[in-house]
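Architecture and fold: a report
Listed here are the chains, written in short residue letters.
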Amino acid sequence: MQGSGDWSDPELRELDYRQTAFKLFQDTPTPFTKFLSMVPSSSVKDPQFRIYEWRLPMMAWTQTDAQADPDVTLVFEVVDGTGDGIKIGDFLKNERTGEIVRVTARTANNFTAGERGWGVGTGINSAVNDVWRWVGDAYAEGTDAPEAVSRRASVIENFCQIFKDSADITGTAKETDMRPFKSWTQLKAEALERLMIKMESSFLWGIQHETTGANGKPFRTTGGFYELIDAAGYSTDMSSITIDMLENELQTVFTYGSKKKMALIGYTALNYINKLVRDNTVFNFNAPLPKTQTYGLNVRTLTCPFGELGLIPHPLMAESAEYTDHCYIIDPKYVEYVYLRNRDVKWKDNSQGPGYDQQKGHFLAECGLRLALPECHAAWYGISSLGT
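On a predicted model such as this, the values are computed, not experimentally measured, just so you know. (Residues numbered from 1 in each chain as written. Predicted model: local features only at pLDDT ≥ 70, side-chain atom pairs only at ≥ 80, totals over all residues. Heavy atoms only, no water.)

Let's talk about the nonpolar core
We count it as follows: By nonpolar core is meant a set of buried Ala, Val, Leu, Ile, Met, Phe, Trp, Tyr and Cys residues that side-chain atoms within 4.5 Å join together. Exposure categories follow from relative accessible area, calculated using a 1.4 Å probe and restricted to protein chains: below 20% of the type maximum is buried, above 50% is exposed, and the middle band is partly exposed. Secondary structure follows DSSP: runs of H or I at least 4 residues long count as helices, runs of E at least 2 residues long count as strands, and numbering of each begins at the N terminus. By the convention used here, residues are in contact when the closest approach between their heavy atoms is within 4.5 Å.
Of all hydrophobic cores here, the largest spans 34 residues; its most connected members are Phe32 and Phe225. When residues of this core are traced back to their parent elements, those giving at least two are helix H1 (31-38), strand E10 (161-170), helix H3 (184-205), helix H4 (225-231), strand E14 (260-265), strand E19 (327-330), strand E20 (335-340) and strand E22 (358-371). Top contributing element to this core by residue count: H3, with seven residues. Once residues within four sequence positions are removed from consideration, phenylalanine 32 is found in contact with Glu200, Phe203, Leu204, Phe225, Leu264, His314, Ile330, Val335 and Leu369. Counting residues in each nonpolar core, the second largest holds 23 residues, with Leu270, Leu309, Cys327 and Ala378 among its members.

Below is the structure:
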């Protein structure tokens, strides 16, 4: 039998293939999940979990009305817990004028600074937006114990989300030589990697939501870092970034919490921060060789007068046109991986139906992100150009 084919026809040749599949990401595509695995985690007994946060009382209050007369009693309105901790006998000092007043009354809705100009006898004109700072308390000899004041806890909640990913192979495929060859172990490893990438994406950009699934059962998704921080008011537009803007935001970032924080950063944001700081000697942009290791991750350290920020380039942020100019600053002390009791990542084998000529299994995890004290974290976005 004679054909018209030529030796170069691939159908006539047994082509040579490398038995290695190359991965797109050289480093882990899930640095956040890897970081969470290196710090303490906890199990919960309900897929809806809450965080109770206790904070120190406010140390300063802003004047909201126009009571400028130095002889008028000042009334401070209590809004959403602001003013918790103030009691009769406390002193407040106007940061602008230096006047000190004494609190003489306290109700559920406000507290009153009735004694103006303490120590000098005369008050000073105050204005809207004046800041009055708490400067202790004092009592006369022989007085009774002061009133007791309690603080209220604030509550943050989130959900555990059910993640799944399967691996399967037919009986025929198991016995067929394929290129590249994938063993059952490799197929399971790929399923686990896909699961981890989906968890990573949810922990970064997921939306906290609970509804009813098509099967009539509860259906929940966990709130991700960006949603939780943005909802709390700690996301900042860093478009046209300048060195002054960076310094001011770093001051804010390190006002509360740890003095060493980590930042997951897209490549565009990293590029422009690098451009910004390379000619400014006030910063030390540290990229030693070999790279430093923090929580098992390669880290570049941005050192400023307020603290140290470990920058971790994030592959998933880098490949996203939306998130490549984002930077998520995380205080390791106040973030945690949470899983429903006995529902951490696990493999379930033999998921195929009876009589199916295949082998199938799946990974399952019911877990979520617990993020406490949002003011200790930050989300920057729009870092895609330099300002002047």
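Digging into the pattern of salt bridges
Using the following cut-off: Whenever Lys or Arg places a side-chain nitrogen within 4 Å of a carboxyl oxygen from Asp or Glu, that contact is recorded as a salt bridge.
With the rule as written, the count across this model stands at twelve salt bridges. Residue arginine 220 is joined to glutamate 210 by a salt bridge in which the shortest nitrogen-to-oxygen separation is 3.0 Å. Linking arginine 220 in strand E12 (residues 218-221) with glutamate 210 in strand E11 (residues 209-212), this pair joins segments that are ten residues apart in sequence. Relative accessible area serves as the criterion here: at 19%, arginine 220 is assigned to the buried category. Given the relative accessible area of 37%, glutamate 210 is considered partly exposed. The shortest N-O distance in the salt bridge between arginine 370 and glutamate 336 comes to 3.0 Å. Placement of arginine 370 in strand E22 and of glutamate 336 in strand E20 is noted, with a sequence separation of 34 residues between them. Residue class for arginine 370 comes out buried when judged on its relative accessible area of 18%. Note on glutamate 336: relative accessible area 16%, which makes it buried. Here the salt bridges do not stand alone but share partners, grouping Lys87, Asp90 and Asp137 into one network.

What is shown is where atoms sit, not what they do.
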